[in-house]
Structure formats: C-alpha cells, structure tokens
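# Architecture and fold: a report
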Amino acid sequence: MTGAKRVLIAPSILTADFGRLADDVAAAEAGGADVMHLDMMDGHFVPQVSFGPLVLEAVRRATSLPVEIHMMVANPLDQLPSLAEAGADRLIFHLEAAPDPRAGIERTRELGCEVGLAISPPTPASSLEPWLAALDMVTVMLVHPGRGGQELLVDQLPKVGELRRMAEATGTSLVIEVDGGVKAHNASMCVEAGATLLVAGSAVYNNQETPAEAIAGLREAIGRAS
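This one's a predicted model, so the numbers in the text were calculated from it and none came from an experiment. (Residues numbered from 1 in each chain as written. Predicted model: local features only at pLDDT ≥ 70, side-chain atom pairs only at ≥ 80, totals over all residues. Heavy atoms only, no water.)

### Notes on the pattern of salt bridges
Across all of its chains, the model carries nine salt bridges by this definition. Note that Arg20 and Asp24 form a salt bridge whose closest N and O atoms lie 2.6 Å from each other. On the basis of relative accessibility, which here comes to 39%, the residue Arg20 falls in the partly exposed class. In this structure, Asp34 engages Arg219 in a salt bridge whose closest nitrogen and oxygen atoms are separated by 2.6 Å. Here Arg219 lies in helix α7 (residues 211–223) and Asp34 lies in the loop between α1 (21–30) and β2 (36–41), a separation of 185 residues in the sequence. The network of salt bridges with common partners includes Arg6, Asp34 and Arg219. (Salt bridge = Lys/Arg side-chain N within 4 Å of Asp/Glu carboxyl O. Buried < 20%, exposed > 50% of the residue type's maximum accessible area, 1.4 Å probe, protein only. Helix = DSSP H or I, 4+ residues; strand = E, 2+ residues; numbered from the N terminus.)

### A few points about the side chain of Asp136
One can find Asp136 in the loop between β5 (114–119) and β6 (137–141). For Asp136, a relative accessible area of 9% translates into the label buried. Reaching out from Asp136, the side chain makes a polar contact with the backbone nitrogen of Val115 at a distance of 2.9 Å. (Polar contact = N/O pair within 3.5 Å; in protein donor to acceptor, adjacent residues only side chain to side chain.)

### What to know about the pairing of β6
Burial within β6 is extensive, with five of its five residues counted as buried. Here β6 shows no split at all, with Met137, Thr139 and Met141 on one side and Val138 and Val140 on the other all buried. Note that β5 and β6 share four bridges and pair parallel. Looking at β6, one finds that Ile119 is bridged to Val140. (Pairing = 2+ DSSP bridges.)

### Here's the deal with the packing of helix α2 (residues 53–62) against helix α3 (residues 76–86)
The geometry of α2 relative to α3 is characterised by a closest axis approach of 8 Å and an angle of 25 degrees between their N-to-C directions. For the element pair α2 / α3, the angle class is roughly parallel. The interaxial crossing formed by α2 with α3 has right-handed handedness. Along its contact with α2, which presents Pro53, Leu56, Glu57 and Arg60, the element α3 presents Ser82, Leu83 and Ala86. (Axes fitted to C-alpha atoms, helices over the stretch in contact; angles between N-to-C directions. Parallel < 35°, antiparallel > 145°, perpendicular 65-115°, else oblique. Left-handed = near helix turned anticlockwise from the far one by under 90°. Contact = heavy atoms within 4.5 Å.)

### Some details on the side chain of His70
Relative to the helices and strands, His70 resides in strand β3 (residues 67–72). Residue His70 is classed as buried on the basis of its relative accessible area of 0%. Engagement of the side chain of His70 in a polar contact is seen with the side chain of Asp179, the distance being 3.2 Å. Once residues lying within four places of it in the same chain are set aside, the contact partners of His70 are His37, Leu38, Asp39, Met40, Ile92, His94, Ala118, Met141 and Asp179.

### Comments concerning the packing of aromatic side chains
For the structure on display, the rule yields one aromatic pair. Judged by centre distance (5.9 Å) and plane angle (35 degrees), the rings of Phe18 and Phe51 are tilted. Of the two residues, Phe18 sits in the loop between β1 (8–11) and α1 while Phe51 sits in the loop between β2 and α2, which places them 33 residues apart along the sequence. Using a relative accessible area of 40% as the deciding quantity, one classes Phe18 as partly exposed. Given the relative accessible area of 12%, Phe51 is considered buried. (Phe/Tyr/Trp six-rings, centres within 6.5 Å; stacked < 30°, edge-to-face > 60°.)

Structural measurements only, silent on function.
Structure representation (structure tokens):
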C-alpha cells in the first residue's frame, strides 16, 4: 500500500448495508476497489458510535484487499492491539486525540501494521510535519469527522498540496488520503490537490448504482484530473 503512485479508491463501509455486509464488501472488491476503509467511532472523540473489532473481523474474512481503520476514538493506544489482532493492515488515528503520537506510531509498528495520522478541519497541515518521516500515510479530513453524507469542504484541499510539498521536500514517500464528501464530481479536485487515496462512502454505497458502477465513475473522474 505504501508509496503507491496510482490514485487508489477506498470504499468506506459506513454507508454499506450491514445486513449484507460481506456481499457489499465483495462487490466493492470485484468492482475495482483498492482498499477497504472502516470508520471506527467511540462516542467520545465524536458523538457517534459505529463498530469495533468484530465488524473488522467480518470485513477481513470477506475480502483479500488491504483493510484500513480510521480511528475516531479518544484513546487510540488502547484500541491498537485488538484492531491489529482482528486483521487491520493499516491503523489511522487522529493527531487531535494524540498530540504527541510517538507512542502510537511505535506501537502500531510493533503490531505489524502500517501507520497513519489524520487531521480534522481545524488542524493545520503543518502540525503533521514533525511526524511525516515516521508515517506511511496521512489523512486529511474534508468534513468534520463523525458522520457520513456531508458536503466536501473545498477550503480544506490546500492542506493536501501543503503536505505533498512537505513530503517531497524531505524525500518522504507518503500516501495522502482525503476523507469526506468525495464524489465523482469533485474527485478530480482532490487528485489535482495531490491526494493519492480517496475514501468514498455514499459515493460507492448508495441506492442509485452498484458499487462497481460507482467505482467506475470515480475512476473516470480521476482520469480527468490534470
């Protein structure tokens, strides 16, 4: 996963049909997804509660794709071991929940997972600079974390370019992920800003099209990026 040059698509299962989760995951994989993205929310870091290791285990059984966990939780270090054991390939926690993320980065490595840091809209990209060399990826939230279906905040996209420039200046190979409100009509903006991994929830899992059709539409939009 690390250092991929092609723009990757990571369907988020938050808007999938949990009554047929394995089928929805398999449909995304068959439709050309690159990564499966799971949003874990604890009711503390964000008001909502989503799921934990048991759902991760179910997704892990349903796909051969890499699985990443976006940890919107107040105490990420407490959750790392159980998520790694349940089958996560990459663990992403918020800088706002761990202002000194050193211990979390080291523990994630010890557990054999790739490590990422996420930042919410109020947090500047520069806050990640001290940690870039220690990371596999960063996640720029393009919405306020906590629920699906929000509109992408265009004013957050410059952070992507800023992080890309910081990484290139230090020779750091870095996947830059964007998460929140990504749709076919704005995917090219995300890529032009410097993103190499797009999280897409309701853009993939919706009542208007199949996951394969949705992913094909995203690929077409990505192809239009200059």
